[in-house]
Amino acid sequence: MGLKVDWCGLQLFFSLPDDILPILSASLLHRDLCNLSLCCRSLRILAFSDVLWHIQCSITGLLSRATSRRPFLSSYRALCRFLLSARPLLGVWVHDNPNQGNFVFVMLGFLSLIACRVIPQKVGPTGFNGDPLLRAPVFEISAESDGLHGLLPPRQREQLRLPVPRFCQFHPPTLQSPAPRGRAPPQPPLLQSPLPP
Amino acid sequence: MASTSNSTSSKIITLRSSDGEVFEVEESVALESNLIRRMMEDDCANNIIPLPNVTAPIFYLVIEHCKKHAEMKDNKEKKKELRSQGEELLKSDPHTYSNLMEAVNYLDIKSLMDLTAQWLADFLKGKSPRLIRELLKIKNDFTPEEEAEILERNRWAFD
């Protein structure tokens, strides 16, 4: 009965040419895709499709670093979720008193987020003179394969709801463990680093 | 008329829609379509070019928008106006929008492809599932359990 009425609205989406989907996704937020997925079963399939979420991933600006990780997640949607939850944390974080070594940079690891504390050390007049920076890992948080539980265990996620995460909530600032454990390559911190006030 | 008619100037191309109506279009406008361009390059377009997949009312819309698009190139006001028309069309007549989109795809007109995609994006942007369903007359075929499950799976996006 209601079939013909149905047909019209859905037909619009099914007749969308393939070339349109990327343009469409580029102008939408991930929330819009989620809303679309709640319309009906057919649109859920469309709104969960990798074509659309691949574009969403590239909008985050982090895709080039994460492309190789895609096979380890169930979909581009999961990857996008991971990147979106990781993005606000990336960058350089400075605590109230940087002299005490509370200088942390956060970067993408292999499907994880790695934070390293830079240990206070003598800086010559021309900088570090090529010496490696001493650092200590603060935390590493791994994504789950389906991206379902996101980046953080629930308790820490609660804490991160704050607009500006305080890294000392993850780890009290002790400086006795300078062992880098080989996990964190001395990469420069990413751009777009939000500094806490 | 289209303002882009310079060196190629006012050669007129004759096109025939699927329902037999004949259109006379300036070459500069017709060449926006890569399909027609290819046909002309292959020299199989000396007489009337048939367009078996496009009906007259839709083809009329396509030409109209091609012209508008050519006019708006350096006119921000017009650009805005053209962009806002899409939401109206999608709200009032999604079926025509759908046909227009198919025709644009068939004729392979890049500029209108971007425009129609933009229209749909603008239309979907920020709308709740209920509103989208209502406007596009889509039936909700989820069971309450399924709906709850997807809501749960989407929760991260709205946190």
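Per chain, residue numbering runs from 1 following the sequence as it is written. The lettering of chains begins at A and the numbering of ligands begins at 1, in the order of writing. The predicted origin of the model limits local features to residues at a pLDDT of at least 70 and limits the giving and counting of side-chain atom pairs to 80 or more, whereas totals for whole chains, interfaces and linings rest on all residues. Water and hydrogen atoms were dropped before computing side-chain values, which therefore reflect all heavy atoms in the structure.

Regarding the UniProt feature "domain: F-box" (unreviewed entry) in chain A
Part 1 of the argument: UniProt positions are given in the numbering used here, feature names are shortened, and annotations may be inferred rather than shown by experiment. With numbering matched to this structure, UniProt assigns "domain: F-box" (unreviewed entry) to residues 15–54 of chain A.
Part 2 of the argument: Strands are runs of DSSP state E lasting at least two residues, helices are runs of H or I lasting at least four, and both sets are numbered from the N terminus onward. The distance from the first to the last C-alpha atom of residues 15–54 of chain A is 21 Å, and the span holds 68% helix and 0% strand.

Brief notes about the state of the cysteines
Residues and elements named next belong to chain A.
Part 1 of the argument: What counts as a disulfide here is a pair of cysteine sulfur atoms lying within 2.5 Å. Taken as a whole, this structure holds zero disulfides over all chains when the rule is applied.
Part 2 of the argument: Cys 80 provides the cysteine sulfur closest to Cys 34, a residue in no disulfide bond, and the two sulfurs are 8.7 Å apart.
Part 3 of the argument: Exposure categories follow from relative accessible area, calculated using a 1.4 Å probe and restricted to protein chains: below 20% of the type maximum is buried, above 50% is exposed, and the middle band is partly exposed. The buried category is assigned to Cys 34, whose relative accessible area is 0%.

So, the interface of chain B and chain A
Part 1 of the argument: Taken residue by residue, the interface counts 41 residues in chain B and 38 residues in chain A.
Part 2 of the argument: Here chain B and chain A share an interface that buries about 3700 Å² over both sides, 67% of which is from carbon and sulfur atoms.
Part 3 of the argument: In what follows, salt bridge is the name for a side-chain nitrogen of Lys or Arg lying within 4 Å of a carboxyl oxygen of Asp or Glu. On inspection of chain B and its partner chain A, the count reaches one salt bridge.
Part 4 of the argument: We call two N or O atoms a polar contact when they sit within 3.5 Å, provided that within protein one can donate a hydrogen and the other can accept it, with sequence-adjacent residues counted only if both atoms are side-chain atoms. Counting across the chain B and chain A interface gives 13 residue pairs in polar contact (both at pLDDT 80 or more).
Part 5 of the argument: Where the side of chain B that touches chain A is concerned, the elements lending two or more residues are helix H5 (94–107), helix H6 (110–124), helix H7 (129–136) and helix H8 (144–158) of chain B.
Part 6 of the argument: In terms of residues, the side of chain B that touches chain A owes the most to one element, H8(B), which gives nine residues.
Part 7 of the argument: Only Asp, Glu, Lys and Arg are considered charged in this grouping, and only Ala, Val, Leu, Ile, Met, Phe, Trp, Tyr, Cys and Pro are considered nonpolar; every other residue, Gly among them, is considered polar. In terms of residue class, the side of chain B that touches chain A is made up of 19 nonpolar, 10 polar and 12 charged. When checking whether two residues touch, look at their non-hydrogen atoms; a contact exists if any pair is within 4.5 Å. Here the quantity called buried area is the accessible surface, traced with a 1.4 Å probe, that two parts lose on coming together, added over both.

Considerations on the UniProt feature "domain: SKP1 component dimerisation" (unreviewed entry) in chain B
Part 1 of the argument: The UniProt feature table records "domain: SKP1 component dimerisation" (unreviewed entry) at residues 110–157 of chain B.
Part 2 of the argument: Each end of residues 110–157 of chain B is marked by a C-alpha atom, and these two atoms are 32 Å apart; helix forms 77% of the span and strand 0%.

Quick notes on the domain arrangement of chain B
Part 1 of the argument: Its domain assignment divides chain B into domain 1 (12–125) and domain 2 (130–159).
Part 2 of the argument: Distance between the C-alpha centres of domain 1 of chain B and domain 2 of chain B: 33 Å. Domain extents, as shown, originate in an automatic or database domain assignment.

A closer look at unusual backbone geometry
Residues and elements named next belong to chain B.
Part 1 of the argument: Look at Asp 108: it is not a glycine, yet its phi comes out positive at around 60°.
Part 2 of the argument: Backbone geometry at Lys 137 places phi at a positive 55°, although glycine is not the residue there.
Part 3 of the argument: The residue Lys 137 is located in the loop between H7 and H8 in this model.

A closer look at the confidence of the model for chain B
Residues and elements named next belong to chain B.
Part 1 of the argument: Every residue is assigned a pLDDT by the predictor, reflecting its confidence on a scale from 0 to 100. When pLDDT is averaged along chain B, the result is 84; 92% of the residues meet or exceed 70.
Part 2 of the argument: Confidence over residues 1–8 falls short of pLDDT 50; this stretch has 15 contacts with residues more than four positions distant or in other chains.
Part 3 of the argument: For this predicted complex, the interface confidence comes out at an ipTM of 0.80, alongside a pTM of 0.72.

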